[in-house]
Amino acid sequence: MAGLYLHIPFCRRKCPYCDFFSTPATEFLLETYPDLLIRHLVWASEHGWSGSFDTIYFGGGTPSLLPPKTIADILHTIKQRFGLTHNAEITLEANPGTVTQDNLFGYRDSGVNRLSLGLQTCNDKHLTNLGRLHDRQEGFDAFGLARIAGFDNISLDLMFALPGQTKEELECDLNDYLELDPEHLSCYGLTAELETPLYQQVISGEMNLPDEDFYADAFIGVHDKLSQNHYDHYEIANYAKNGRTCRHNLGYWQRRPYLGIGAGAHSFCAEDWGQRREVPPDLTAYRDLVFSGQDPTQHLEGFDRESALSETVYLGLRTRRGVADSELRQRFGCTLQEAFPEAIKANAQWLLHHNGRWALTPAGWLLFDRLILSFL
Ligand code: SF4
């Protein structure tokens, strides 16, 4: 079964740490872009993509800048052209301050059944420093309105390792989040990505990010606190309660196929060893290609046996489910031990091997970027 990702690359204002493809939202773009998505969906249905989707993800950018009627029209086209499984997970990313009680009811009525709220922190000082447009109260209000609208599957983003953040402030954030009691949490340490204003501020010394020790303590502290409160740490940055994992994102980590629609979106076709394509992040080129009925995607990367094996391990070790020897043998004709004996030896203290599955400990996840290199 495949997933479908739709990229909505518009935001009210660009956050200084963000390196996602998004541009300032104008009335013109918000009115005309959905038609491009619908044309792109139709084109994809006529050029090789078929079969129902079991997950749909409206990501961005800020998808909640689109009105519910537009989301309903897009979902209608998806149902007509591809079909949806009866229990499909349909997620919409939303930012507090862009949602009202009416549009939340509207999203729910259109079929959206999972909301991912960009809360980031409940601390007003840090929200201002991050350049976010909402404050603590608006974050709480958005969550409450979503519950009233009937959303029983809500994910909240939490950022830690913020400039000047203290342990006590992070503890306060965690307590606030636990009080809200979402089904899912995505927890990211703030990093200065190249070509962002934050990166410039950090290299010029205008802004200091917490050091590695603070980051490590925060990562483990978040893990401990959320685990004690019945959240399953099922992927490096993701926690879920009562099995409410993000099925769409699990598809990425399990190398299941997905179709990407919209400027900046990626698709993955799992046939042979796999191939990834992208729609370049260029709105003008996207509009021209879609209107002229041409393929708006271009080749991004192709896989052979070795690179597919490495990526399977890279993605699998991000998750608590890990990498199963039986699945590797079936797909690649080898176990992890046979394929990477040196890497296993070098990283033994961070690897768990249980019931034929290999997984990393939380301390291993903390070092993921470094230790995964030996598997690549
Ligand atoms: S709202 Fe999200 S996508 Fe938009 S600029 Fe901020 S972090 Fe990036």
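Computed from a predicted model, the values in this text were never measured in an experiment.

Novice: I keep staring at the pairing of strand β1 (residues 2-8) and nothing clicks. Help me out?
Specialist: Side-chain positions along a regular strand alternate between the two faces of the sheet. In terms of residue burial, β1 counts as a mostly covered element, since seven of its seven residues are buried. Two elements, β1 and strand β11 (residues 258-261), share four bridges in a ladder whose sense is parallel. For Leu-4, the partnering residue across the bridge sits in β11 and is Leu-259.

Novice: It is not clear to me how the packing of helix α1 (residues 27-46) against helix α2 (residues 68-81) should be interpreted in this structure. Could you clarify?
Specialist: Helices that pack against each other are described as a pair by the angle of their axes relative to one another and the distance between those axes. Where α1 contacts α2, the two axes come as close as 10 Å, and the packing angle between them is 5°. Viewed along their axes, α1 and α2 adopt a mutual orientation that is roughly parallel. Taking contact as the criterion, the partners of Pro-34, Leu-37, Ile-38, Leu-41, Val-42, Ser-45 and Glu-46 in α1 are, on α2, Thr-70, Asp-73, Ile-74, Thr-77, Ile-78 and Arg-81. Taken together, the residues of the contact of α1 with α2 sort by class into seven nonpolar, three polar and three charged.

Novice: Is there a simple way to explain the domain arrangement of the protein chain in this structure?
Specialist: When the parts of a complex come together, some accessible area is lost, and that lost area is often taken as the interface size. If you check the domain split of the protein chain, you get domain 1 (2-252) and domain 2 (305-375). On a C-alpha basis, the centroid separation for the pair domain 1 and domain 2 is 28 Å. Contact residues are listed per partner, giving 12 residues for domain 1 and 10 residues for domain 2. When domain 1 packs against domain 2, the two sides together hide about 950 Å² of surface, and 67% of this comes from carbon and sulfur. Of all residues in domain 1, the largest losses of buried area upon contact with domain 2 belong to Phe-219, Glu-235 and Ile-236, amounting jointly to 43% of the total for that side. Across the pair Glu-235 and Arg-318 runs a salt bridge whose closest N-O atoms are separated by 2.7 Å. Remark: the boundary between domain 1 and domain 2 carries four residue pairs in polar contact (both at pLDDT 80 or more). Those elements that place two or more of their residues in the side of domain 1 that touches domain 2 are α8 (212-228) and β9 (232-235). With six residues, α8 is the single largest residue contributor to the side of domain 1 that touches domain 2. Class assignment for the residues of the side of domain 1 that touches domain 2 results in seven nonpolar, two polar and three charged.

Novice: I tried to follow the nonpolar core on my own but got confused; where do I start?
Specialist: Nonpolar side chains in soluble globular proteins tend to be buried together. Judged by nonpolar contacts, the single largest core of 90 residues is most densely connected at Phe-58, Ile-78 and Phe-375. The element best represented in this core is α1, accounting for seven residues. Shared between two domains, this core takes at least three residues from each, and those domains are domain 1 (2-252) and domain 2 (305-375).

Novice: Honestly, empty space enclosed by the protein in this entry has me stumped. Any pointers?
Specialist: To find leftover empty space, a probe the size of one water molecule is rolled over the atoms. A full pass over the atoms with the stated rule returns two cavities of 30 Å³ or more. When its volume is computed, the largest cavity comes out at roughly 60 Å³. What lines the largest cavity is Met-1, Ala-2, Gly-3, Asp-54, Thr-55, Arg-247, His-248, Gly-251, Tyr-252, Arg-256, Pro-257 and Tyr-258. Contributing elements (two or more residues each) for the lining of the largest cavity: β1, β4 (53-60) and α9 (247-253). Broken down by element, the residue count for the lining of the largest cavity peaks at four residues, all from α9. Residue composition of the lining of the largest cavity, grouped by class: five nonpolar, four polar and three charged. Pro-16, Tyr-17, Asn-129, Leu-130, Pro-163, Leu-190, Leu-198 and Met-207 are the residues that line the second largest cavity.

Quick notes on the rules
- Residues numbered from 1 in each chain as written.
- Predicted model: local features only at pLDDT ≥ 70, side-chain atom pairs only at ≥ 80, totals over all residues.
- Heavy atoms only, no water.
- Buried < 20%, exposed > 50% of the residue type's maximum accessible area, 1.4 Å probe, protein only.
- Helix = DSSP H or I, 4+ residues; strand = E, 2+ residues; numbered from the N terminus.
- Pairing = 2+ DSSP bridges.
- Axes fitted to C-alpha atoms, helices over the stretch in contact; angles between N-to-C directions.
- Parallel < 35°, antiparallel > 145°, perpendicular 65-115°, else oblique.
- Contact = heavy atoms within 4.5 Å.
- Nonpolar A, V, L, I, M, F, W, Y, C, P; charged D, E, K, R; others polar.
- Domains from an automatic or database assignment.
- Buried area = accessible area lost by both parts, 1.4 Å probe.
- Salt bridge = Lys/Arg side-chain N within 4 Å of Asp/Glu carboxyl O.
- Polar contact = N/O pair within 3.5 Å; in protein donor to acceptor, adjacent residues only side chain to side chain.
- Core = buried A, V, L, I, M, F, W, Y, C linked by side-chain atoms within 4.5 Å.
- 1 Å grid on protein atoms, 1.4 Å probe; cavity = no way out; pocket = protein on both sides within 12 Å on 5 of 7 lines; lining within 4 Å.
- Points joined across faces, edges and corners; volume = space filled by probe spheres on them.

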